[in-house]
Amino acid sequence: MLILGGEYWGGRASPLFLSFVSYLFCLLRIFPKVITQATAKDWFDRRRAHIRPWNNFIDQKRFSRPQNFGDLCKRVTRNVEHFQSNYIFIFLGLILYCIITSPMLLIAIAVFFGACYIIYLKTLQSKMVLFGREVSTAHQYGLAGAVSFPFFWLAGAGAAVFWVLGATLVVIGSHASFHEIEGDFEELQMEPV
């Protein structure tokens, strides 16, 4: 259970909620250690290096209707493998579009990152003590998330997430389905009898 100053916090929260909050705090402690800035930059550079030419990606002559369900499945599988980096950048572009076109969401993100930056500056100066106990940086970031949660809710962040996921599935799914396979290999084709 979440304990502050030796007493239970509020005493009314359900055990499921408290275990969820504890899990989030554990993730906050682990996450910065797993993904470093160098790792993220290396991943981003690898994705950029594997981008297929955008001219081939949007070439209208390469779009056609799949002949059957087997052809559709083959196209989707191969195109997702072939254009994976392009699809990732489309996903990131849709996220950026969603954030820019929603001023409230932009404000909520600014509030969250502003709070995190203030916490970062404060931890450089001294440790935070609450009820006679030292509050870890992970708990402070969790508090920043809890404080900014109402802003995300008012901004409609949940709807934005589902819009981005839906738009990504439609755009990438339709492209992967209708784009002919790059470098179509001569394979053994079975003819219907």
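Please refer to the structure placed before this passage.
Quick caveat: nothing in here was measured; it's all calculated off a predicted structure.

**Student:** Which parts of the structure should I look at to understand the environment of S148?
**Tutor:** Among the structural elements, S148 can be located in helix α7 (residues 137–155). Sequence separation between S148 and A115 is 33 residues; the distance between their C-alpha atoms is 8.4 Å. Apart from residues lying up to four places away in sequence, S148 is in contact with V111 and F112. A polar contact is formed between the side chain of S148 and the backbone oxygen of G145, at a distance of 3.2 Å.

**Student:** What's the story with a nonpolar patch on the surface in this structure? I'm lost.
**Tutor:** Taken together, the side chains of M104, I107, V111, F151 and L154 present a nonpolar region at the surface, about 460 Å² in accessible area. Those elements that provide at least two residues to the nonpolar patch are α6 (103–125) and α7. Ranked by residue count, the leading element in the nonpolar patch is α6, at three residues. With respect to the helices and strands, the residue L154 is situated in helix α7.

**Student:** Any chance you could explain helix α8 (residues 157–178) here in plain terms?
**Tutor:** One turn of an α-helix holds 3.6 residues; hence residues three or four places apart share an orientation. Helix length check: α8, at 22 residues, gives a terminal C-alpha distance of 31 Å against a target of 32 Å (1.5 Å per residue), a fit within 8%. All of the buried residues in α8 are A157, A160, V164, A167, T168, I172, H175, A176 and S177. Each element contacted by the buried residues of α8 is listed here: α3 (54–58), α4 (69–82), α5 (84–100), α6 and α7.

Definitions and cut-offs
- Residues numbered from 1 in each chain as written.
- Predicted model: local features only at pLDDT ≥ 70, side-chain atom pairs only at ≥ 80, totals over all residues.
- Heavy atoms only, no water.
- Helix = DSSP H or I, 4+ residues; strand = E, 2+ residues; numbered from the N terminus.
- Contact = heavy atoms within 4.5 Å.
- Polar contact = N/O pair within 3.5 Å; in protein donor to acceptor, adjacent residues only side chain to side chain.
- Patch = residues over 30% accessible without salt bridge, like charges linked within 9 Å, V, L, I, M, F, W, Y side chains within 5 Å.
- Areas by Shrake-Rupley, 256 points an atom, 1.4 Å probe, with all protein chains shown as cover.
- Salt bridge = Lys/Arg side-chain N within 4 Å of Asp/Glu carboxyl O.
- Expected span 1.5 Å × (residues − 1).
- Buried < 20%, exposed > 50% of the residue type's maximum accessible area, 1.4 Å probe, protein only.

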